[in-house]
Amino acid sequence: MQPRYDSCVNWLQLADCRPILSFDFHSSITQTFTFLKRRDFVGLTGLATGAMFLPSVPGFGGELIDPARLLEQVDPAIKKRLADSALNAAKSAGATYADVRIGRYLNQSIFTREKQVQNIANGESYGAGIRVIANGTWGFAATNTVTEAGMAKAAQLAVQIAKANSKVQKEPVKLAPQKGYGEVTWKTPIQVNAFEVPIKDKVDLLLAANAKALDNGANFVNSALFQINEQKYFASTDGSYIDQDIHRIWPTLGVTAIDRASGKFRTREALSSPMGMGYEYMQPKAQDKIAGPAGTGLVGYKYSYDMLEDATLAAKQAKEKITAKSVTPGKYDLVLDPNHLGLTIHESIGHATELDRVLGYEANYAGTSFATQEWKAKNQPYGSKLVNIIADKTQPGSLGAVGYDDEGVKTKQWDIIKDGKLVDYQKIRDQAHIVGQNESDGCCYSQSWEDVQFQRMANISLKPGTEKMSVDQMISNVDKGIYIAGRGSFSIDQQRYNSQFGGTVFYAIEKGKIAGMLEDVAYQTNTVEFWNSCSAICDQSDYRLFGSFFDGKGQPPQVSAVSHGSSTTRFNAVNVINTARKIG
Amino acid sequence: MAILSQTEAQAILKKVLSFSKADECEATLNGQTGGNVRSARNAISTSGGIDNVALTVESRFGKRSGVATCNQFDDATLRNCVQRAEEIARLAPESPEYMPLLGPQKYLASPQSFAKATADITPDYRATQVGASMKLCDEKKLTSAAFLNDSAGFVAKRNSKGLEAYQQVSGLEFSITVRTPDGTGSGYATADYNDASKFDARRLTQIAADKAAGSRNAQALEPGKYTVILEPAALVANTDASLLAALMGALDARNADEGRSFLSKKGGGNRKGEKLFDERVTIYSDPTHPEIADLTFSGDGRPQQKMTWIEKGVVKNLYTSRYWAQKAGIPDIPRPGGWIMEGGTQSTADLIKGTQRGILVTRLWYIRPVDPQTLLYTGLTRDGTFYIENGKIKHPVKNFRFNESPIIMLNNLEAIGKPVRVGGNLVPPLKIRDFTFTSLSDAV
């Protein structure tokens, strides 16, 4: 059901606070955990005030299990036999195409606040989804009876549904050709499986980070660690049997400082990123740290995260935010940190270039796109000549990286914007023909075995600058500007023109130098104007991934994990507003 | 299978409790049957169904708690589920916020939370409703995208302290976006019900189609402060955050007491009892209200009663966890399900008639918190924004971005209309002065 929706501004504290899917993007936990759905009543008593249980987001849901079971695997030979029973049943029932996804979706989530553990949940969801084409029409059915008989029954049901839907179908499905790969495997290149690390070590790390925040003046701190493993087996009538083992991890925290006398409170969010990595992301390494602008104390993190260091700085910055100068609205040159810019890329380029949105399939939910095929044909600039955007499903460490997508297409990298011009969209097998392409881009995904796969955003990233430039060099050229790091408020219209973004920390830039912290900053911009105002991009050495576990799309909504890489980037003369208000 | 009777459900729960070796045990059964149909470009794009009963068992040893779930109910599976919950409980850390399970409770009856018509929905019914909607758009040469989702089910609880609860619930939601083929007009309509017999997709489609046709070739107005009429769907969204739901979501006592809420008081404490809104603002909840009948017990088993949250602009009550209620020594009130904002008798059309100059807003979109200190939110108008002059809709206007707080908004109240159901709440259209639009959007 559609949820009763609201955000828990202070996540994890509120009883009856549950994660649900929203229509679009969740940059942080703050926006992700929302209140109990009216019709999705789980009925847990919630032992602690904020005891969290995550029943409804696949990838975070499933049956709760003993953590030892997180290390188990299902034998691929068994999965092949099961898959064949479904494919054969589908063909016998009249399907001209069928694919099977047998999925074991595992997760572990740990939540803490201040000195206490709030909840630890281990989840498993196991089942199979079968998609068929019969009479030129898609049909889909799923089952958690993962036996040969159960699979065959679901396959027959999928064919029945396809035949029923074909009566109202106007045009038959046209699939881009896809060769079978035979029996192949792919695994996220992790060093340490997070599920092999004892829970106690993870809890100790989170509580140590909380202690750092409290020791440095925080009034409240929440921290969490999410770990995901998707064990996905894909088979199709094209002759592919693809076994994949995909890992993701996300540590995060929110540190709040309060000034009782003035009644002011401010929160500084983590500068970590969800990653397509193992527990090695939690083991800080010097080579992964990139110093932020001189005078800010900020540190950017590449392929490992120093949670204790970030918690310490977060507490100091949360306190400083309370007394920071409120911004004077006006035009400023913005210098945007990759952990901030990733979200702007996501909203203003990532979604705008999804072909199903362009065509109107998402019109009743997150909307359509200004970047239509007619708009593209005009060959007008999306951004300045510096702007090169690539879609990528292969980048190591990214959330979108897989060997093959959820319809058995080997993944790749391709250009979306080249020298400022829109050159391509993101599309899957049944969309390729619409733009005259004879292969899929390999960006099909489903959040679980029980949901049908559809086009989802690839990693969409801004290429670094080709000339050597550090963030300090970039700032030295700015006369009147603002440096923004991290995730804050974000909103964009249903065709991706007008957006407003905040951040988690802001610094004034005056005459080429950082000149103290600012507050109440948000910038409002038009996508094309914004990307055309891009005037400098730091080099490869500054490049980092931003990401989200919770990109929401579709009805009923599904989540997808996606990364956005960039180096620190400058945008000239952007409209900045002041968001402070007075209430009674 | 999905809708077990009270006797059937409690029989399973009794058996679950009989298998428990824990200090405390609580079992919850949650069953649901339903389906959905999605359309785009005047064709069905996807459809799905659900039919499932799930058992959740929470076992406790002292202050340690573990949870396990299953969806089969033979003795072996039930026993295994209880054992898993107990194993997980033994591994869990002690909760410093432990509260013993509740004993027997008295719950209100709310029979209208369930409607047989909703439980009886078939795939044919969904196809017929959505088919009628698509046909209307085909005839008018408009393009539509819609989503119909329904479910019917039950919740049953039982624990080792003697608490026992059972209730059936049902719901149907529909939303539709209609666009003109040239992409210059867009309209929206949405509705939700407990009882599907009230639903008519074609009637809602007509509203969206009229808005789409009427919103072609919108004119740009300068951003700034305007008198607005916010339709109920602009105040509460069932797919997004929203201004009024944000306010109702911020009435938590602990956040206020801890100093991180708009209800926190300078120097400590909270602002319960203070007048923070226009005196015409009264919001209450009532799980037995026939139009939005809801569960009469909360997730932790506390009874949901009729409760006044804001009365004549004064904050009357805050909700809280059981732990915080005990620690702070305050009334133990659960967060409500649906709520009701009191209004008058005027329809949105009546409000338009009484407006000299203003802007009619069909809905707001991509609504996100900007500053929790003031509950400032941002977002945009969407799918039908119109300029009103001398009591009449004059012409469509381009969409705006807003930056506004529900607290400020409810102090700038000009008029309140007649409440209608949105997202399980009763919400009146509101006429607000000085609503802050901060920029224009080209989006249609």
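Definitions and cut-offs
Residues numbered from 1 in each chain as written. Chains lettered and ligands numbered in written order. Predicted model: local features only at pLDDT ≥ 70, side-chain atom pairs only at ≥ 80, totals over all residues. Heavy atoms only, no water. Helix = DSSP H or I, 4+ residues; strand = E, 2+ residues; numbered from the N terminus. Rg over C-alpha atoms; globule rule 2.2 N^0.38 Å. Buried < 20%, exposed > 50% of the residue type's maximum accessible area, 1.4 Å probe, protein only. Contact = heavy atoms within 4.5 Å. Areas by Shrake-Rupley, 256 points an atom, 1.4 Å probe, with all protein chains shown as cover. Lys, Arg positive; Asp, Glu negative; His and termini not counted. Charge placed at Lys NZ, Arg CZ, Asp CG, Glu CD. Pairing = 2+ DSSP bridges. Axes fitted to C-alpha atoms, helices over the stretch in contact; angles between N-to-C directions. Buried area = accessible area lost by both parts, 1.4 Å probe. Salt bridge = Lys/Arg side-chain N within 4 Å of Asp/Glu carboxyl O. Polar contact = N/O pair within 3.5 Å; in protein donor to acceptor, adjacent residues only side chain to side chain. Expected span 1.5 Å × (residues − 1). Arc of directions from axis to C-beta. Phe/Tyr/Trp six-rings, centres within 6.5 Å; stacked < 30°, edge-to-face > 60°. Domains from an automatic or database assignment.

Novice: Would you explain the overall build of chain B in this entry?
Specialist: Regarding its fold elements, chain B presents 11 helices and 19 strands. The globule rule puts the C-alpha radius of gyration for 444 residues at 22 Å, and the 24 Å found for chain B is close to it. Counting over 444 residues, chain B shows a buried share of 64%. Taking contacts inside chain B between residues at least 6 apart in sequence as the whole, the part at least 24 apart equals 71%. Here chain B displays about 15,600 Å² of accessible surface, and carbon together with sulfur accounts for 48% of that area. Chain B carries 55 positive and 48 negative side-chain charges, and their two centres are separated by 2 Å.

Novice: Got a minute to help me understand the sheet that holds strand E5 (residues 164-179) of chain B in this structure?
Specialist: Each strand in a sheet pairs with another by means of backbone hydrogen bonds, the pair being arranged parallel or else antiparallel. Residues and elements named next belong to chain B. Strand order in the open sheet made by the six strands is E3-E2-E1-E4-E5-E6, with antiparallel pairing throughout. Pairing within the sheet leaves two strands with one partner each, and these edge strands are strand E3 (64-70) and strand E6 (186-193). Taking the axes of each pair of neighbouring strands and ignoring which way they run, one obtains an average angle of 15 degrees across the sheet. Here strand E1 (residues 24-40) pairs with strand E4 (residues 143-159) via 14 bridges, running antiparallel. Within E4, the position partnered with Ala-27 by the bridge is Arg-158.

Novice: Just checking my understanding: could you explain the interface of chain A and chain B for this structure?
Specialist: How big an interface is tends to be stated in terms of accessible area lost as the parts join. Listed per partner, the contact involves 95 residues of chain A and 122 residues of chain B. Between chain A and chain B, the buried area comes to about 9,000 Å², and carbon and sulfur atoms account for 50% of it. Where chain A touches chain B, the interface holds four salt bridges. For Arg266(A), the salt bridge identified is with Asp371(B), shortest N-O distance 3.9 Å. Run the count over chain A and chain B and you get 29 residue pairs in polar contact (both at pLDDT 80 or more).

Novice: Hey, could you run me through the pairing of strand E17 (residues 413-418) of chain A in this one?
Specialist: Residues and elements named next belong to chain A. Looking at chain direction, strand E16 (residues 389-392) and E17 are connected through four bridges and run antiparallel. In the strand pairing of E17, Asp-392 is matched with Gln-413. Strand direction decides the pairing type here: E17 and strand E18 (residues 421-422), joined by two bridges, are antiparallel. The residue bridging Ile-417 from the neighbouring strand is Leu-422, located in E18. Linkage of E17 to E18, two consecutive antiparallel strands, is achieved through a turn of two residues, within which Asp-419 is found at a positive phi near 45 degrees.

Novice: Explanation requested: the pattern of salt bridges in the structure shown.
Specialist: Between side chains of opposite charge, pairing is possible as soon as their charged atoms come close. Taken as a whole, this structure holds 62 salt bridges over all chains when the rule is applied. With a shortest N-O distance of 3.6 Å, Asp551(A) and Arg456(A) are connected by a salt bridge. Of the two residues, Asp551(A) sits in strand E29 (residues 544-553) while Arg456(A) sits in the loop between strand E20 (454-455) and strand E21 (459-462), which places them 95 residues apart along the sequence. Of the two residues examined, Asp551(A) and Arg456(A), each falls in the buried class. Among the charged side chains, a salt-bridge network with shared partners connects Arg113(A), Glu114(A), Glu97(B), Arg254(B), Glu258(B) and Arg260(B).

Novice: Would you mind showing me how to read helix H1 (residues 6-18) of chain B here?
Specialist: Every α-helix carries 3.6 residues per turn, so stepping three or four residues along brings you back to the same face. Residues and elements named next belong to chain B. The end-to-end C-alpha separation of H1 is 18 Å, in line with the 18 Å expected for 13 residues at 1.5 Å each. Listed as buried for H1 are Ala-9, Gln-10, Ile-12, Leu-13, Val-16 and Leu-17. One face of H1 carries all of its buried residues, which in axial projection span an arc of 155 degrees. More than 90 degrees from the buried face of H1, the exposed residues found are Thr-7 and Ser-18. Of the surrounding secondary structure, the elements contacted by the buried residues of H1 are E1, strand E2 (43-61), helix H2 (75-91), E4 and E5.

Novice: I would appreciate a short explanation of the packing of aromatic side chains in the present structure.
Specialist: Evaluated as defined, the whole model comprises 29 aromatic pairs over all chains. Here the aromatic rings of Phe490(A) and Tyr366(B) are separated by 6.0 Å at their centres, their planes lie at 80 degrees, and the arrangement is edge-to-face. On the criterion of chain membership, the pair formed by Phe490(A) in strand E23 (residues 490-492) and Tyr366(B) in strand E12 (residues 357-371) is interchain, its members lying in two chains. Here Phe490(A) matches Tyr366(B) in class, with each residue buried. Residues Phe402(B) and Phe435(B) carry aromatic rings whose centres are separated by 5.7 Å and whose planes lie at 45 degrees to one another, so their mutual orientation is tilted.

Novice: Before we go on, may I ask you to explain the side chain of Ser384(A) in this structure?
Specialist: Residues and elements named next belong to chain A. Within the fold, Ser-384 resides in the loop between helix H8 (373-377) and E16. A residue is classified by how much of its surface remains accessible, and Ser-384, at 12% relative accessible area, is buried. Apart from residues lying up to four places away in sequence, Ser-384 is in contact with Asp-419, Gly-420, Trp-531, Asn-532 and Cys-534.

Novice: How should I be thinking about the domain arrangement of chain B in this particular structure?
Specialist: Residue and element names in this part refer to chain B. Here chain B is partitioned into domain 1 (6-211) and domain 2 (218-249 + 273-317 + 335-444). Between the C-alpha centres of domain 1 and domain 2 the distance comes to 26 Å. Counting from both sides, the interface comprises 30 residues of domain 1 and, opposite them, 29 residues of domain 2. In this assembly, domain 1 packs against domain 2 so that about 2,400 Å² is buried in total across both faces, 52% of it on carbon and sulfur atoms. Sorting the residues of domain 1 by area buried against domain 2 places Tyr-188, Asp-192 and Lys-211 first, and these three jointly supply 24% of that buried surface. A salt bridge links Lys-211 to Glu-231, with the shortest nitrogen-to-oxygen separation between them at 2.5 Å. The tally of links from domain 1 across to domain 2 stands at 16 residue pairs in polar contact (both at pLDDT 80 or more). If you list the elements that add at least two residues to the side of domain 1 that touches domain 2, you get E4, E5 and E6.

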